[in-house]
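So the chains spell out like this:
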Amino acid sequence: MNSPYQLTVFDFFHRNALMNGTGCALYYNGESRSHSQVFDDACRLTNGMAKLNLAAGTRVAIAAKNHPAFFHLFAAASALNLCLVLMNRRLGEDELAHVLDDTTPQVVIYDNDMEGKIEPLIQGRSGITHSYNLAGNFSTLYAPDTQGAVERASDSDPNLAYIIIHTAAVQGKPRGALLSQGNLILANLQLMHAYELNKTKAYLNILPLFHIMGVNIGLGTLMAGGKNVIMDQFSPKACLDLIQEQNVSIFGSFPPILGRILECIRSQDTPPDLACLEIATGLESVETAKLWETTTGSKFWIMYGQTETSGLITFSPILDQPGSAGLVSPLARMIIADDLDNALPPGSIGEILVKGPLVFKGYWNADDLNAFTFRNGWHHTGDMGQMDEKGYLYFRGRKPEKELIKPGGENVFPAEVENALASHVAIEQACVFGVPDEEFGEAIKAVCTLSTGYNIEEKELIAYTGTLIAGFKKPKFIVFADQLPLTSSGDIDRFAVKEKYSNGH
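From a predicted model like this one, the values you see are computed outputs, not experimental measurements.

Some points on the overall build of the chain
- From N to C terminus, the chain includes 15 helices and 23 strands.
- Radius of gyration (C-alpha) of the chain: 23 Å, near the 23 Å computed for a compact globule of 505 residues.
- By its C-alpha atoms, the chain is 70 × 55 × 55 Å across when sized along the principal axes.
- A total of 505 residues make up the chain; the buried ones form 59% of that total.
- The contacts in the chain between residues at least 6 apart in sequence include a share of 66% that link residues at least 24 apart.
- When the accessible area of the chain is evaluated, it comes to approximately 20800 Å², of which 49% is carbon and sulfur surface.
- Positive and negative side-chain charges in the chain, numbering 39 and 56 respectively, have mean positions lying 3 Å apart.

Here is the structure:
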């Protein structure tokens, strides 16, 4: 391509090697790699993957804990116009199988923890021609030299498919949100500006790199010339140790991360020195955020966004406007709209509609869904909101067709859980909704009716659903009812069920 107008993810790796070569880029399990070394690693992987002769747009799936290889793959996929499928390693086997069938990757990469789940799935899919274990044969993908990688990367097109992240689905099957390099570069640049990321900053990489927020801050910090301190498993004590040892300035959080770190701080005889920490960001209550700020001296930034918007589209310090989800990004045009997509005045409640360069390229293999989502020239988030005259967004729940539940930052649609519950012979009907939860922010509750002649214990039914769907999608609470309220059309009246059974877990 060699266009003077294009800028790619690979270009940022190259830039950092030239301008901050000796600076630390990645720290993982006691080992540091400079930006020059990471760029060399990325070039060697680019050259090695080029030998696989993969066509542009070929999907490369990865199912693993956070690992330096993610960053090498971000660069190599950029250079070779490949599309990374970032698989949620917490999904069940049937859900992982759906992701593979949906995206038909030619290459699958996994770690030891995922070996037992992934290898049987690979065996049954002839389209998967190459598979690699990060702890084993993945090292053979790295060519012995870096020569030629930069020239290969000159054909990189930032407008092509770059990553697919599967989100929850109303119909019960995850759907793949498709993002380009251009989407991510702009999303990450706005975070670099807002969080003042530069080569002096260090990000504690707790959030999974199969989640958009983990990708945003992790890749954004590296693009800024800063350091990623990679954690492959969350531990409050390890977090505090790494913050101090590696001079961490920022990390991302979903419940219960912040609460558990605060508990760990309170349990220590000598409070940790967190003077280097500037920002924690994510979803949290105002009360917890206040406690965090008074305990640590750092600020907590609240946010709103979706995978479909390349990450965050509102963000600001939570105490700037308590109760809000932050200020609308300058890279997003947002309106609060009625059911006919007419913009409503400030203070009105309606659906959050977005347009701009952060909006994703659409759902993979879902033309009808894309036509509905992008109708009238707007991305319809399915979320309800309220915006004040200053541009602060207030989240006001979800539209009925998108009753999303977010336990610990994960996305779960009721239909996914209801289908699993109803597949048990003892269950006649099931209605699932979210309830407040101190530990995880939101928990899953189910109200079920029993089939005639059957009985089952709550614990047994919860365990059963865990054999069909990911563990984070299991109900935390199940209530059995003689019957469920119905609408005039004979459907379950979800709002009546939620109103009656939300309290008293």
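Considerations on the pattern of salt bridges
- Here the structure, examined in full by the defined rule, presents 13 salt bridges.
- With a closest N to O distance of 2.9 Å, Arg 33 and Asp 41 form a salt bridge.
- Taken together, the shared-partner salt bridges in this structure form one network comprising Arg 33, Asp 41 and Arg 44.

Observations concerning the nonpolar core
- Ranked by size, the top nonpolar core spans 117 residues in total, and within it Leu 86, Phe 138, Tyr 195, Leu 204 and Phe 251 carry the most contacts.
- Non-local contacts of Leu 204, meaning those with residues more than four positions away in its chain, are made with Val 229, Met 231, Cys 239, Leu 242, Ile 243, Val 248, Ile 250 and Phe 251.
- Grouped together as the second largest cluster of nonpolar side chains are 39 residues, Val 85, Leu 178, Leu 421 and Ile 427 included.

As for the layout of surface pockets
- Here the second largest pocket is characterised by a volume of approximately 780 Å³.
- Secondary-structure elements contributing two or more residues to the lining of the second largest pocket are α10 (257–267) and β22 (441–450).
- Of the residues forming the lining of the second largest pocket, the biggest block, three residues, is contributed by β22.
- Among the residues forming the lining of the second largest pocket, the class breakdown is 18 nonpolar, five polar and nine charged.

Overview of the sheet that holds strand β6 (residues 130–133)
- Taking strand neighbours across the sheet as the criterion, the seven strands line up as β6-β5-β3-β4-β7-β8-β18 in an open arrangement whose pairing is mixed. Among the strands making up the open sheet, the edge pair consists of β6 and β18 (362–363).
- Here strand β4 (residues 83–86) runs beside strand β7 (residues 161–167); their pairing, made up of three bridges, is parallel. For Leu 86, the partnering residue across the bridge sits in β7 and is Ile 165.
- Across the sheet, helix α4 (residues 93–103) touches β3 (59–63), β4, β5 (107–110), β7 and β8 (175–180), and the angle it forms with β7 is around 145 degrees.

A closer look at the sheet that holds strand β23 (residues 477–480)
- Strand order in the open sheet formed by three strands is β21-β22-β23, and the pairing between neighbours is mixed. Each end of this open sheet is capped by a strand with a single partner; those strands are β21 (427–437) and β23. Strand-to-strand twist across the sheet, computed as the mean angle between neighbouring axes with direction ignored, equals 25 degrees.
- Examined bridge by bridge, β22 and β23 share four bridges and lie parallel to one another. Each residue of the ladder has a partner; that of Cys 448, found in β23, is Phe 480.
- With respect to the sheet, helix α13 (residues 414–422) is in contact with β21, β22 and β23, its orientation differing from that of β21 by roughly 140 degrees.

With respect to unusual backbone geometry
- Looking along the chain, the bond that leaves Pro 255 and enters Pro 256 is cis, with omega of 10 degrees.
- Within the secondary structure, Pro 256 sits in the loop between β11 (250–253) and α10.
- Unusually for a residue other than glycine, Asn 81 sits at a positive phi of about 60 degrees.
- Checked against the element boundaries, Asn 81 lands in the loop between α3 (69–80) and β4.
- Residue Asn 376 is not a glycine yet carries a positive backbone phi of 60 degrees.
- If you trace the backbone, Asn 376 turns up in the loop between α12 (367–373) and β19 (379–387).

Digging into helix α8 (residues 212–223)
- The terminal C-alpha atoms of α8 lie 16 Å apart, and with twelve residues this matches the ideal 16 Å at 1.5 Å per residue to within 8%.
- Of all the twelve residues making up α8, twelve are buried; the element is thus mostly covered by neighbouring parts of the structure.
- Burial in α8 covers these residues: Ile 212, Met 213, Gly 214, Val 215, Asn 216, Ile 217, Gly 218, Leu 219, Gly 220, Thr 221, Leu 222 and Met 223.
- Backbone geometry just after α8 places Gly 225 at a positive phi near 90 degrees.

Cut-off values and rules
Residues numbered from 1 in each chain as written. Predicted model: local features only at pLDDT ≥ 70, side-chain atom pairs only at ≥ 80, totals over all residues. Heavy atoms only, no water. Helix = DSSP H or I, 4+ residues; strand = E, 2+ residues; numbered from the N terminus. Rg over C-alpha atoms; globule rule 2.2 N^0.38 Å. Buried < 20%, exposed > 50% of the residue type's maximum accessible area, 1.4 Å probe, protein only. Contact = heavy atoms within 4.5 Å. Areas by Shrake-Rupley, 256 points an atom, 1.4 Å probe, with all protein chains shown as cover. Lys, Arg positive; Asp, Glu negative; His and termini not counted. Charge placed at Lys NZ, Arg CZ, Asp CG, Glu CD. Salt bridge = Lys/Arg side-chain N within 4 Å of Asp/Glu carboxyl O. Core = buried A, V, L, I, M, F, W, Y, C linked by side-chain atoms within 4.5 Å. 1 Å grid on protein atoms, 1.4 Å probe; cavity = no way out; pocket = protein on both sides within 12 Å on 5 of 7 lines; lining within 4 Å. Points joined across faces, edges and corners; volume = space filled by probe spheres on them. Nonpolar A, V, L, I, M, F, W, Y, C, P; charged D, E, K, R; others polar. Pairing = 2+ DSSP bridges. Axes fitted to C-alpha atoms, helices over the stretch in contact; angles between N-to-C directions. Expected span 1.5 Å × (residues − 1).

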